[in-house]
Amino acid sequence: STINVYTNAHSGYTLNVKDTDSTTALTKVGSTETIPAGVPASGDTTFDLTAGTAAWGYVIDNASTTGAGYTPISATDAQVKTRATKTSGGEETVVYYGVATASDQATGVYTDTIVYTATTNN
């Protein structure tokens, strides 16, 4: 996803992301089958995708070609980016999503809905 923020607020903006409900897993259409949001190891804020272990997450502005450094989606706002000055011509944030499936994962379409919110800084 590409999020473009335009603001003339001299204090800049903060961009947040969150799941639209308390279910952070990707859910198979027409089923209860899921792919959960990844879980970082104790003390970490990110996790690595591992083939055979179902998980999904996102990285900001830098595609992870190794499956490392993914952030799990949360049901509460998580800061994606902040800028302390106005954007003049706008500022682009690119978000990449990664998914790993369990070895016995049912095939199909899995979905979830997330929302990005940009607010001006005070």
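About the cut-offs
Residues numbered from 1 in each chain as written. Predicted model: local features only at pLDDT ≥ 70, side-chain atom pairs only at ≥ 80, totals over all residues. Heavy atoms only, no water. Helix = DSSP H or I, 4+ residues; strand = E, 2+ residues; numbered from the N terminus. Buried < 20%, exposed > 50% of the residue type's maximum accessible area, 1.4 Å probe, protein only. Contact = heavy atoms within 4.5 Å. Lys, Arg positive; Asp, Glu negative; His and termini not counted. Charge placed at Lys NZ, Arg CZ, Asp CG, Glu CD. Phe/Tyr/Trp six-rings, centres within 6.5 Å; stacked < 30°, edge-to-face > 60°. Pairing = 2+ DSSP bridges. Core = buried A, V, L, I, M, F, W, Y, C linked by side-chain atoms within 4.5 Å.

Caption draft 1: Region of interest: the overall build of the chain. Across its full length, the chain carries 0 helices and 9 strands. Helices (α) and strands (β) of the chain occur, in sequence order from the N terminus, as β-β-β-β-β-β-β-β-β. Principal axes of the C-alpha set define a box for the chain whose edges measure 50 × 30 × 25 Å. Taken over 122 residues, the chain has a buried fraction of 34%. Nonlocal contacts in the chain, meaning residues at least 24 apart in sequence, comprise 75% of its contacts between residues at least 6 apart. Here the chain contributes 5 positive and 11 negative side-chain charges, whose respective centroids are spaced 12 Å apart.

Caption draft 2: Spotlight on the packing of aromatic side chains. Counted under the stated rule, the structure contains 1 aromatic pair. For the ring pair Phe-47 and Tyr-70, a centre distance of 6.3 Å and an interplane angle of 45 degrees mean the geometry is tilted. Remark: Tyr-70 occurs in the loop between β5 (55–60) and β6 (78–83) and Phe-47 occurs in the loop between β4 (34–35) and β5; sequence separation between them is 23 residues. Each of the two residues, Phe-47 as well as Tyr-70, counts as buried.

Caption draft 3: Quick look at the sheet that holds strand β8 (residues 110–111). Across the sheet, which stays open at both edges, the 3 strands sit in the order β4-β3-β8 with antiparallel pairing between neighbours. The sheet is open, and its two edges are formed by β4 and β8, each paired on a single side. Pairing of strand β3 (residues 26–28) with β4, which is carried by 2 bridges, proceeds in the antiparallel orientation. Considered in β4, the bridge of Leu-26 is made with Ile-35.

Caption draft 4: Region of interest: the environment of Ser-11. Along the chain, Ser-11 turns up in the loop between β1 (2–5) and β2 (13–19). You can call Ser-11 partly exposed: its relative accessible area is 25%. Considered as a pair, Ser-11 and Asn-122 are 111 residues apart in the sequence and their alpha carbons are 6.3 Å apart. Not counting residues within four places of it along the chain, the set of residues in contact with Ser-11 comprises Arg-83, Ala-84, Thr-85, Asn-121 and Asn-122.

Caption draft 5: Focus on the nonpolar core. Counting residues in hydrophobic clusters, the biggest one holds 16 residues, and the most contacted among them are Leu-15, Ile-35, Trp-56 and Ile-73. Taken together, the elements giving at least two residues each to this core come down to β1, β2 and β5. With 3 residues, the single largest contributor to this core is β2. Counting 6 residues, the second largest nonpolar core, distinct from the first, contains Phe-47, Ala-55, Val-59 and Ala-100.

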